[in-house]
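Geometric and topological summary
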Amino acid sequence: MRVDARSIQVTEARRVQLLLVGLGAAFLILAGLKPLGLPYIPGARFSDAATSHWGAALFLQRSVMRDGEFPYWRETILGGQPFAANPLNKTAYPLQWLALILPPALHVNVMIVLHLLIAGAGMWTLTRSLGLSVWSAAVSVIAYVLSPRMVGHLGAGHVDIVYALAWLPWVLWAVKRAAQGSRRGLWALGIFAGLMFLADVRLSLFGLVLAAAYGVYCVLKADPTPIPSPNSGRGASGSLALPSFSAAASTDAGSPKYGRALRRGARLVSFFLPVILFLLIASAVIIPLWLWSPYLTRASLTAADASVFALRPEYLLGVFIPQTHRNVEVLTYLGLVPLILAVLGAVTARRRVLFWLIAALVAGLYALGSNGFLWNFLTQIVPFLLWFRVPSRAWLIVTLVVALLAGYGAERLKRRPLQIGVLLVIAVELMITGRAWLEWRGDDYWLPADQRELAETLIADGVGRVYSPTYSLEQQVAEWYEIDLFYGVDPFQLRDYVGAIQDVGGITFEGYSIVQPPLIGAIGEDFSTANRSAQPDTISMWYHGVSHVLASYPIENPRLELVDDLNGVYLYANGDYASGVRLPTDGYWRDDDARPFHSVTLLVTVGAFLTVILGTFLTLRAKT
């Protein structure tokens, strides 16, 4: 019987894909994945997965399923803030709505596993489109999905960064296809870029710049002959076909060189379609942010605030040495074996990988932030870049490039047993180093008994709002018990409320902090001494509806009445508080004040959903 070579290749590819899924599953099991737990960095006290994302999923679920409302506004943190307009909450991201049918912790974990699969599938598709063999592509997949930065951000609870990283290879694949004249690539590019932006605005800055540069590179490098289409206009199948600008341009060419230039220019013009599609999707984040931006603390970010966690030159030594600190933002380790393979790929492939080498160099320079020249130069020219704090996240582009180049390096090994051996060595190395950056903890850690007791005591004492200079009742616990906090952790902050929180606490602070009130005097993750010299203002508390104060130390104030001392947390009642009274104030937002903004937010969110659905349909229907 004659065996079809194509069938053999497909079968081998399926086996390799199953092996990759198995290796990924093995790592998650090794890291202690718990369906109802949440990811942490070993030894770290906090994780954004608990502090932010678990609570956001819970609030979304309660708002829609219990209260029958779109989640416009949340009262439980920072004295009240927009919920749907906050990009961190991802209400415009279609997959986030799985929170309606899943318990919040399970939702977070399903999203993590789903996006790791999307990331792996994207890197596989990209590398195969670049001509790499199945085993070389597998090397790139493992080097990317289990890369130290990817795993480190997962451990820190930065799941939105992981979501965006999952879409980045798909964006680059779609760019390549679109540059070749693929109609499917054009539609897909708009969808994938939009989903990446909805997943994480901050990482999308780097992803979109990389994609734009790659698009220009691919158009200039590619054969300008368009991919043939079986139909012109609307075919018998009813699919919408885009006009072939390249073909039209070829009829106007006076010389071969002039004709190629025209066709390449027309190919660049065709990118307006995915740009429009992207803007329709991204408007669900861009327009609410634009509406709220004059009222946010982020509008006043200084260069010093924005350059936080910039890489210092000595951190680059960590490229070769696994790091043991717990700050993932300055983690530069890339994996020793992937790095060796990447160097081999860069040396042997040369012209084929020149673009990626330049991209990695530019990203690395930007990651230096104020410690280098590129970030300083660009932020002076484009001050809006200051909104995108933590320039070291540009290192994630270096991570992607090294994973790609590792595939090229594996390609040079030729012999399949050697490629398989290298794949397994990389998997083992990254599993070992990744285990130092990721573990799962159950709800007995992030909803512990002492915090529950504290919340229940507050409720029994008729709590209104709660203020704490030491972050004594954790944000996710307050969300579970629906206790309104006049403090909290979130980068999306209303400027007037930040001022009010600091006034209430008697705190003077210049600068930007994602924690309010700023934890002045805290030592690392120990907040027990934070703001100890500050004197809370009980009249200002009454003014803002604050009924109770929690602190890790006694507070000397005659108007604060000690209710209890629970496990080293002092619980005070505000003697100036009148139950149910919150004075109307000019300049301070309430849910009702923001109704015009809410209507716009709902409109653009629905528009983004419809665009994703329509764009996905047209992508699947496209013939090429």
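For every chain, the first residue of the written sequence is number 1, and numbering continues from 1 onward in sequence order. Per-residue local features of the predicted model are confined to residues with pLDDT of at least 70, and side-chain atom pairs are confined, for both listing and counting, to 80 or more; whole-chain, interface and lining totals are unaffected and use all residues. No hydrogens and no water enter the side-chain calculation; it runs on all heavy atoms of the structure.

1. Examining the overall build of the chain
Our working definition: Think of it this way: any DSSP run of H or I at least four residues long counts as a helix, any run of E at least two long counts as a strand, and we number them from the N terminus. Our radius of gyration looks at C-alpha atoms and nothing else; its globule reference is 2.2 Å times the residue count to the power 0.38. Working definition: with a 1.4 Å probe on protein chains only, accessible area under 20% of the residue-type maximum means buried, over 50% means exposed, and in between means partly exposed. By definition, residues are in contact when any of their heavy atoms lie within 4.5 Å. Positive charges come from Lys and Arg, negative ones from Asp and Glu, while His and the chain ends are left out of the count. To locate a charge, take NZ of a lysine, CZ of an arginine, CG of an aspartate or CD of a glutamate.
Within the chain one finds 23 helices and eleven strands. Its C-alpha atoms give the chain a radius of gyration of 26 Å, within 12% of the compact-globule value 25 Å for 624 residues. When its C-alpha atoms are laid out on the principal axes, the chain stretches across 85 × 50 × 50 Å. Here the chain holds 624 residues, and the buried ones make up 57% of them. Within the chain, counting contacts between residues at least 6 apart in sequence, those at least 24 apart form 74% of the total. Distance from the positive charge centre (48 side chains) to the negative charge centre (42 side chains) of the chain: 23 Å.

2. Details of the sheet that holds strand E9 (residues 546–551)
Operational definition: Two strands are said to pair when DSSP picks up at least two bridges between them.
The strand order E6-E5-E9-E11-E10 describes an open sheet built from five strands, whose pairing is mixed. The open sheet has two edge strands, strand E6 (484–485) and strand E10 (560–566), and neither has a second partner. Examined bridge by bridge, E10 and strand E11 (residues 569–574) share six bridges and lie antiparallel to one another. Considered in E11, the bridge of Leu560 is made with Asn574.

3. Digging into the nonpolar core
The nonpolar side chains of soluble globular proteins are, as a tendency, buried together. How we decide: Side-chain atoms within 4.5 Å are what join buried Ala, Val, Leu, Ile, Met, Phe, Trp, Tyr and Cys residues into a set we call a nonpolar core.
Counting residues in each nonpolar core, the largest one holds 195 residues, and the members touching the most others are Trp356 and Leu473. The element best represented in this core is helix H6 (residues 159–179), accounting for 17 residues. If near-sequence neighbours (up to four positions away) are discounted, Trp356 is found in contact with Leu172, Leu210, Tyr214, Leu400, Val401, Leu404 and Leu405. Residues Phe59, Phe83, Ala99 and Leu100 belong to the second largest nonpolar core, which totals seven residues.

4. As for the pairing of E11
Among the six residues that make up E11, five are buried, leaving the element largely enclosed by the rest of the structure. Of the pairings in the sheet, the one linking E9 to E11 comprises four bridges and is antiparallel in character. Paired with Ala551 across the bridge in E11 is Tyr570. Between E10 and E11, which pair antiparallel one after the other, the connecting turn spans two residues, and Asn567 there sits at a positive phi close to 55 degrees.

5. With respect to the packing of aromatic side chains
Two aromatic rings are characterised by how far apart their centres lie and by the angle between their planes. Let me state the cut-off plainly: Here is the rule: rings of Phe, Tyr and Trp (six-membered ring for Trp) pair when centre to centre is within 6.5 Å. Planes less than 30 degrees apart are stacked, more than 60 are edge-to-face, and the remainder are tilted. Over a ring means this: the NZ of a Lys or the CZ of an Arg is within 6 Å of the ring centre and within 35 degrees of the ring normal.
Taken as a whole and assessed by the stated rule, the structure comprises 29 aromatic pairs. In this structure an aromatic cluster arises from ring pairing among Phe46, Tyr471, Tyr487 and Phe527. Sitting over the ring of Phe59, Arg74 keeps its end group 5.7 Å from the ring centre.

6. Some points on unusual backbone geometry
With an omega of 0 degrees, the peptide bond between Gln516 and Pro517 qualifies as cis. By the element assignment, Pro517 lies in the loop between strand E8 (515–516) and helix H22 (538–543). Despite not being glycine, Arg350 shows a phi value in the positive range, around 45 degrees. Relative to the assigned elements, Arg350 resides in the loop between helix H13 (336–349) and helix H14 (354–367). Positive phi, normally seen in glycine, also occurs at Glu482, with a value near 55 degrees.

7. Examining a nonpolar patch on the surface
To be explicit about the condition: Each patch is built from residues that are more than 30% exposed by relative accessible area and take part in no salt bridge. Like charges join if they lie within 9 Å; nonpolar side chains (Val, Leu, Ile, Met, Phe, Trp, Tyr) join within 5 Å. Only the protein chains shown count as cover for residues, and the accessible areas themselves come from Shrake-Rupley with a 1.4 Å probe. In the sections that follow, a salt bridge refers to a side-chain nitrogen of Lys or Arg positioned within 4 Å of a carboxyl oxygen of Asp or Glu.
A cluster of nonpolar side chains, namely Val275, Leu279, Ile286, Ile287 and Trp290, defines an oily patch on the protein surface of about 470 Å² accessible area. Tracing the backbone shows Val275 in helix H11 (residues 272–292).

8. Brief notes about the packing of helix H3 (residues 104–129) against H6
As a reminder, the rule being used: To get an axis, fit a line to the C-alpha atoms, keeping to the stretch in contact for a helix; angles then go from 0 to 180 degrees between the N-to-C directions. The scheme is simple: roughly parallel for angles under 35 degrees, roughly antiparallel for over 145, roughly perpendicular for 65 to 115, oblique for anything else. With the far helix as reference, a near helix turned anticlockwise by less than a right angle produces a left-handed crossing, and one turned clockwise produces a right-handed crossing. Here the term charged refers only to Asp, Glu, Lys and Arg, the term nonpolar to Ala, Val, Leu, Ile, Met, Phe, Trp, Tyr, Cys and Pro, and the term polar to all other amino acids, Gly among them.
The contact between H3 and H6 brings their axes to 8 Å, and the two run at 25 degrees. Overall, the two elements H3 and H6 adopt an arrangement that is roughly parallel. Between H3 and H6 the crossing geometry is left-handed. In the contact of H3 with H6, the residues fall into 18 nonpolar, four polar and one charged.

9. Quick notes on H6
Put simply, the rule is: Residue count minus one, scaled by 1.5 Å, sets the expected span of a helix.
Relative to the 30 Å expected for 21 residues at 1.5 Å per residue, H6 spans 31 Å between its end C-alpha atoms, a close match to the ideal helical length. Just downstream of H6 lies Gly181, where phi reads positive at about 95 degrees.

10. Section: the pattern of salt bridges
For the coordinates displayed, the defined rule picks out 13 salt bridges. Glu482 is the partner of Arg66 in a salt bridge, and the nearest nitrogen-oxygen pair spans 2.7 Å. Remark: Glu482 occurs in the loop between helix H20 (475–481) and E6 and Arg66 occurs in helix H2 (residues 48–66); sequence separation between them is 416 residues. The partly exposed category is assigned to Arg66, whose relative accessible area is 47%. Note that Arg74 and Glu479 form a salt bridge whose closest N and O atoms lie 3.0 Å from each other. With a gap of 405 residues between them, Arg74 in strand E2 (residues 73–74) and Glu479 in helix H20 connect regions that are remote in the sequence. Across the pair, exposure class does not vary: Arg74 and Glu479 are buried alike. Sharing partners across several salt bridges, the network here consists of Arg62, Arg66, Asp67 and Glu482.

11. Some words on helix H8 (residues 201–221)
If you check H8, its first and last C-alpha atoms are 30 Å apart, about what 21 residues at 1.5 Å a residue would give, namely 30 Å. For H8, the set of buried residues is Val201, Leu203, Ser204, Leu205, Phe206, Gly207, Leu210, Ala211, Tyr214, Gly215, Cys218 and Val219.

12. Description of the packing of helix H7 (residues 183–199) against helix H23 (residues 595–621)
A pair of packed helices is characterised by two quantities: the angle between their axes and the separation of those axes. The contact between H7 and H23 brings their axes to 8 Å, and the two run at 150 degrees. Comparing the axis directions of H7 and H23 gives the class roughly antiparallel. The crossing of H7 and H23 is left-handed. Contact residues: Arg184, Trp187, Ala188, Ile191 and Leu195 in H7; Thr611, Val612, Gly615, Thr616, Leu618, Thr619 and Leu620 in H23. By residue class, the composition of the contact of H7 with H23 is seven nonpolar, four polar and one charged.

13. With respect to the confidence of the model for the chain
As a reminder of what qualifies: What pLDDT expresses is the predictor's confidence in each residue, scored from 0 to 100.
Summarising the model, the chain shows a mean pLDDT of 89, and 90% of its residues fall at 70 or more. In this model residues 229–253 is a low-confidence stretch, pLDDT under 50, and it forms 43 contacts with partners more than four residues away in sequence or in other chains.

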